[in-house]
Amino acid sequence: MTDTVYKGETAETGALPEDVILRVNHLVKEFPINRGVFFKKQVGAVHAVSGVSFQVKRGETVGLVGESGCGKSTTARSILRLLEPTSGEVWFQGQSEDGTIDPPVDVAGADRETLRNLRRELQIVFQDPYASLNPRMTVASIVAEPMTVHDIGTQADRLERVKHLLQVVGLSPEHTNRYPHEFSGGQRQRIGVARALALNPQFMVLDEPVSALDVSIQAQVLNLMQDLQDEFGLTYLFIAHDLSVVRHISDRVAVMYLGKIVEMTDRDALYDRPMHPYTHALLSAVPIPDPTVESTRKRIILEGDIPSPSSPPPGCRFNTRCPKAEAGKCDVDEPPLQELEDGHWVACHFPEVVQVV
Amino acid sequence: MTERPASDELVLDAAEGISAEPITQWDLFVTRLRRHRLATIAFFYMAFIAYVALMAPLFTCEKNDMFCGRQPIQMSALTTVIMLVVAAGTLYLAYRSLRSGLRGAGSALGAVGIVSVLFLISSWGLLDIPHINHYADQLPDDSGRILVNIAPRGSLPLGTDDLGRDVLSRVIHGGRASLAVGLVVGSLVALLGTVVGSLAGYYPGVVDQSLMRFTDLMLGLPLLPVAIVVGRVLPELRFLPDFLKQGAWGIAVLLGVLVWGSLARIVRAEFLSLREKEFVEAARAAGANDRRIIFRHILPNAISPIIVQTTLVVGTAIIIEAALSFLGFGVRPPIPTWGGMASSGAAIAVRGFWWELVFSAGALISTVLAINFMGDGLRDALDPTQTIERK
Amino acid sequence: MAEHLLDVEDLRTYFSTEEGVVKAVDGVSFKVQAGERRGVVGESGCGKSVTAMSIMRLIEPPAGEIVTGTIQFDGRDLLKLSEAEMQHVRGGEIAMIFQDPMTALNPVYTVGDQLIETILLHQDVSKSEARDIAISALNDVQIPYAKNRMEDYPHQFSGGMRQRVMIAMGLSCEPKLLIADEPTTALDVTTQAQIMSLMLDLADERNTAVLLITHDLGVVAGFCDTIQVMYAGTIVERGTADEIFHNPQHPYTWGLLGSMTRLDETQQDRLNSVRGAPPSLINPPRGCRFGPRCDFATDICREAVPILHQSPEGQKVACHRASELDLKTLTVGVSS
């Protein structure tokens, strides 16, 4: 396993540069496959995330894209320790109210008390607006829960803040006594955002926050997320499978395939000068709402299906479907994630800039 | 800072028809319950039966009491307080229901409240309310002969049994046994089943496996034989307090301890699925600990199957108690119980004296049916897939 | 002179619910030619799926009912056929594929069995002939080792493969019309590209008309000749793909296109969104249903329901102000 070496640093995690808020080092998450009822034996594993490393700068939005089974959701949840990482480090370097940078803390290895405090800084907005709100709780209880759990303020204080938060996300503060089922999908998603904001976090994971919404509502919620980022100085990790949306909202983008990052770079560089064959295929597969463009596009259609994460192919995990794969090299050696251009990381033996979009 | 067109949203919210009053889950529940006519009738029937059975002893006269019906009843202070609370409470609830337009519930509660007040007043000797015979009294006629096997007539609307006892009184008092069984079994099953099921469902691995194997054991016990054996020896267990050995309480506890297994399985299944829901994940992301997640998030969402299953188990338990008493292993005479009455009634029915059997068995059947209908209605009413959804 | 393969006239499908009558489809009329690829787009609740189910007469009373309308298919009114005759049409002359191949295929029967069953229902062939047809259908949808795969169960296929099986089932009896209800929504984008490309080739080859129902405007841009946009149970605009995408006449279409993120453009700071949310179908707004959300609504919009009429630009549009508004020159989100 090679180290992801960042420019101007040695591969140590003593102190991170001041502008970095999160650094993930070799994050691995495997789900054991067990057999047997009483005496379980591990017969295999689902390699959901196999050594992911990247960093996020304060105030930016990093888009994490990929198709199903690529591990992006698992990565996000492991970063927040909603799932226990199998190995790896997640360094969080927060900033205090007065502007000083706090020492970095490893989320993956934190003890219960530290983790509890970290939860105030690291929040998440879920994909499904229908499943992410407890149907038996009022909106007020839902949005206030983070505060209730951390014992912040009195009940009256919390209610005040809930009303404020509802207004911030564009809902009426009078609806605190309502139940989730009385709201539409877009509104429920806003409630989820209000909840995530309750403790003034610094870093937010947005797990496909608009995928379940209609297009016209998507735009509203995306605008809201951007406004909130400006207003509160938030940093986002935006998980999505929709590359068009990611282009709109991200500063940097990482593409994942079968548990690994295959390409990571600035937003414009990814869409204008992608280098990894999977990125090429992915970009060419995304439909563009313009018939003239669609009819003249060159399509790269991949063969076959995504392999199962429980038995990833040897060597480069993409080699079974890659139009450029060379037998003897690609199915034997796994390409490391390397910085080929300024800030442009690619994991491929034969990278090539191809303008797909 | 960029302008956010929030006001448009608010206007449209109102236009979209978010109702003026919050629609709580309770509102939805009551609406759907009322729609289920059978269940509503069953509910009122059960309430009536329970109320009569509960109040009956206050208006039962012993034969030696010459002043029966002409003097205030001696009610203990506790009973008076309870009656006052019941009267006041039901009248208040009736008022609130009628205010919010729930006419059915309002009138029912109002009826209960008014009757309670009447009972209270009559117990103070101010009103003349019919009193019923004591269930163990052998009733004499004017010439002193015991009124044995008298067919239903006049002051004996359900007739008398083989020993000259008033069948109506016995049916009413027999209901108390079933009521006791219902309450005790219901509480025990709900408590044990929920505790075991929730722990097993929430904590996988050793906890789950061991709890469920224990539950399997309980479920594997043949219910009736075990109940018969224990019921047979119950009166002879010296270490048990008296009230458990007589009457239906002992049987009720016994049954409660035997039948909670099915609920435990259901609760475990609910917990297994709810544990993976996103709102639980969200609570964890907010920093909630296990206790909060179990009690505040999962349990409230698992309530409906708990209520429904408990109702159904209660129905079964009442039948089993009746069966035990029918066979002679349950509640011992002279305390009346529907099963016991059915047993003695069956013996004399061949001679044409049908009323004891018919009325006791009828009471039993109708009560259990009512409980089952209530369970049906509750299940439909609590079904979350029928909530008002908006996209 | 091309004959209309499908002619839907004033279709209205209503559902009775606890809260009232949901007018899911409220006066929809359109015609589809043989071999035409028509896209039906709209957001959730607009009635596009219900339209398809109505054509296939899969709406079950008493919950839902086709209240009025005619559906002429190949000369016959489908609404007047008996259930037996309709069963003959379903799968044989009109095939439908659904969004979720997981649930559309029966998990306890092999794929081969299900294919053969469909074929036997609609064609007068022997079982072994049906088997050959089935294998060749699987080959047509590019499932490798088709002969062996006939013995596999649905869970042994990936999502994309299952959808191919659905397409194979749909096309096995050479229908004249294929209705595809969100066929790729549940699939990854690379798989989606494969499936759409496959459907394009197959439909072209056999001159099958396709009614593609989806909320994804990108997918229709790459597949459809003509498009109709639905909103709150009615068609608000209909035209060729070029007309709809490059010169939308209805404020909803225009707003929708303007609020979409595009792969090939970096948007300006904020997306131009269509404010509000789709209306209740139990109590739709008086007048134009899009009125409350429309930046250009005037009094007449609040009073009178607009009719789908021919616009000088080429397409049909249902908007009172279509002729006055020059949407091309406006930036979405800015009222005139």
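Look above for the structure.
Source: prediction; values computed, not measured.

Student: What is the right way to read the overall build of chain B from this model?
Tutor: Helix and strand content of chain B: 15 helices and two strands. The burial tally for chain B puts 37% of its 391 residues in the buried class. Long-range contacts, defined here as pairs at least 24 residues apart, represent 70% of the contacts in chain B between residues at least 6 apart.

Student: Explanation requested: the overall build of chain A in the structure shown.
Tutor: In terms of helices and strands, chain A carries ten helices and twelve strands. In terms of overall dimensions, chain A is globule-like: its C-alpha atoms have a radius of gyration of 21 Å, near the 21 Å expected for 357 residues. Taken along the three principal axes of its C-alpha coordinates, chain A extends 65 × 50 × 50 Å. Put simply, 64% of the contacts in chain A that link residues at least 6 apart link residues at least 24 apart.

Student: Looking at this model, I keep getting lost on the environment of Ser360 of chain B. Mind explaining?
Tutor: By the secondary structure assignment, Ser360 of chain B is in helix α15 (residues 355-381). With sequence-adjacent residues up to four places away left out, Ser360 of chain B is seen in contact with Val171, Gly174, Trp338, Met341, Ala342 and Gly345 of chain B.

Student: Help me out: how do you make sense of the interface of chain C and chain A in this one?
Tutor: It is common to give the size of an interface as the accessible area lost on bringing the parts into contact. With 38 residues of chain C at the interface, the matching set in chain A holds 37 residues. Of all the secondary-structure elements, those providing two or more residues to the side of chain C that touches chain A are α7 (159-171), α8 (189-206), α9 (217-223), α10 (241-246) and α11 (251-258) of chain C. No other element matches α8 of chain C, which puts six residues into the side of chain C that touches chain A. Its residues assigned to classes, the side of chain C that touches chain A comprises 15 nonpolar, 16 polar and seven charged.

Student: Would you mind going over the sheet that holds strand β5 (residues 105-106) of chain A with me for this structure?
Tutor: Think of a sheet as strands paired side by side through backbone hydrogen bonds, with each pair either parallel or antiparallel. All names here are of chain A. Read across the sheet, four strands follow the order β2-β1-β4-β5 without closing on themselves; strand pairing throughout is antiparallel. Each edge of the open sheet carries a strand with a single partner, namely β2 (41-57) and β5. Looking at chain direction, strand β1 (residues 20-35) and β2 are connected through 13 bridges and run antiparallel. Counterpart to Asn34 in the pairing with β2 is Gln42.

Student: Would you mind showing me how to read the sheet that holds strand β10 (residues 234-240) of chain C here?
Tutor: Residues and elements named next belong to chain C. Taken in spatial order, the eight strands make up an open sheet running β6-β7-β8-β3-β9-β10-β12-β11, and their pairing is mixed. Two strands in the sheet have a free side with no partner beyond their single neighbour: β6 (94-97) and β11 (309-310). As paired strands, strand β3 (residues 37-41) and strand β9 (residues 226-231) are joined by four bridges and run parallel to one another. The residue of β9 that forms the bridge with Arg38 is Thr226.

Student: Help me understand the nonpolar core in this model?
Tutor: Here is a general trend for soluble globular proteins: nonpolar side chains tend to be buried in one another's company. Residue and element names in this part refer to chain B. Residues Val181, Val185 and Leu255 are the most contacted members of the largest nonpolar core, which totals 280 residues. Of all the elements, helix α6 (residues 167-202) adds the most residues to this core, at 15 residues. Setting aside its immediate chain neighbours within four residues, Leu255 contacts Val181, Val185, Ala227, Ala317, Ile320 and Glu321.

Student: Help me understand the environment of Asp140 of chain C in this model?
Tutor: Residue and element names in this part refer to chain C. Checked against the element boundaries, Asp140 lands in helix α5 (residues 127-140). According to the C-beta neighbour criterion, Asp140 is partly exposed, with 19 such atoms within 10 Å. Spatially, the C-alpha atom of Asp140 lies 17 Å from that of Val210, the residues being 70 residues apart in sequence. When residues no more than four places from it in sequence are discounted, the contact partners of Asp140 are Ala168 and Leu202.

Student: Where do I start with the packing of helix α4 (residues 111-122) of chain C against α5 of chain C in this structure?
Tutor: How two helices pack is summed up by the angle between their axes together with the distance between the axes. All names here are of chain C. It is the contact of α4 with α5, at a shortest axis distance of 9 Å, that shows an interaxial angle of 115 degrees. α5 is crossed by α4, and the crossing has right-handed handedness. On α5, the residues that touch Gly112, Leu115, Ile116, Ile119 and Leu120 of α4 are Lys127, Ala130, Arg131, Ile133, Ala134 and Ala137. Taken together, the residues of the contact of α4 with α5 sort by class into eight nonpolar, one polar and two charged.

Student: Would you mind going over helix α11 (residues 261-274) of chain B with me for this structure?
Tutor: Side chains of residues three or four places apart in an α-helix project in the same direction, reflecting 3.6 residues per turn. Residue and element names in this part refer to chain B. Taking 1.5 Å per residue, 14 residues should reach 20 Å; α11 reaches 20 Å between its end C-alpha atoms and fits that length. Counting buried residues along α11, ten of its 14 residues qualify, which places the element largely inside the surrounding structure. Every buried residue of α11 is accounted for by Gly261, Leu263, Ala264, Arg265, Ile266, Val267, Arg268, Glu270, Phe271 and Leu274. Contact partners of the buried residues in α11: α6, α7 (206-220), α12 (278-286) and α13 (290-327).

Student: How do you make sense of α7 of chain C when you look at a structure like this?
Tutor: Residues and elements named next belong to chain C. Here α7 is 13 residues long and its end C-alpha atoms lie 18 Å apart, about the 18 Å a rise of 1.5 Å per residue gives. Of all 13 residues that make up α7, twelve are buried, and the element is covered over most of its length. Taken together, the buried positions of α7 are Gly160, Met161, Arg162, Gln163, Arg164, Val165, Met166, Ile167, Ala168, Met169, Gly170 and Leu171. Packed against the buried residues of α7 are β6, α3 (101-104), α4, α5, β7 (177-181) and α8.

Student: Is there a simple way to explain the packing of helix α8 (residues 223-233) of chain B against α13 of chain B in this structure?
Tutor: Residue and element names in this part refer to chain B. Running from N to C, α8 and α13 point in directions that differ by 55 degrees, and their axes come no closer than 11 Å. Looking at the two axes, α8 sits oblique to α13. In terms of crossing hand, the pair formed by α8 and α13 is right-handed. On α13, the residues touching Leu223, Leu224, Ala227, Ile228 and Gly231 of α8 are Ile320, Ala323, Leu324 and Leu327. Across the contact of α8 with α13, the residue classes break down as eight nonpolar, one polar and no charged.

Rules used in this analysis
- Residues numbered from 1 in each chain as written.
- Chains lettered and ligands numbered in written order.
- Predicted model: local features only at pLDDT ≥ 70, side-chain atom pairs only at ≥ 80, totals over all residues.
- Helix = DSSP H or I, 4+ residues; strand = E, 2+ residues; numbered from the N terminus.
- Buried ≥ 20, exposed ≤ 12 C-beta atoms within 10 Å, placed from the backbone.
- Contact = placed C-beta atoms within 7 Å.
- Rg over C-alpha atoms; globule rule 2.2 N^0.38 Å.
- Nonpolar A, V, L, I, M, F, W, Y, C, P; charged D, E, K, R; others polar.
- Pairing = 2+ DSSP bridges.
- Core = buried A, V, L, I, M, F, W, Y, C linked by C-beta atoms within 7 Å.
- Axes fitted to C-alpha atoms, helices over the stretch in contact; angles between N-to-C directions.
- Left-handed = near helix turned anticlockwise from the far one by under 90°.
- Expected span 1.5 Å × (residues − 1).
- Parallel < 35°, antiparallel > 145°, perpendicular 65-115°, else oblique.

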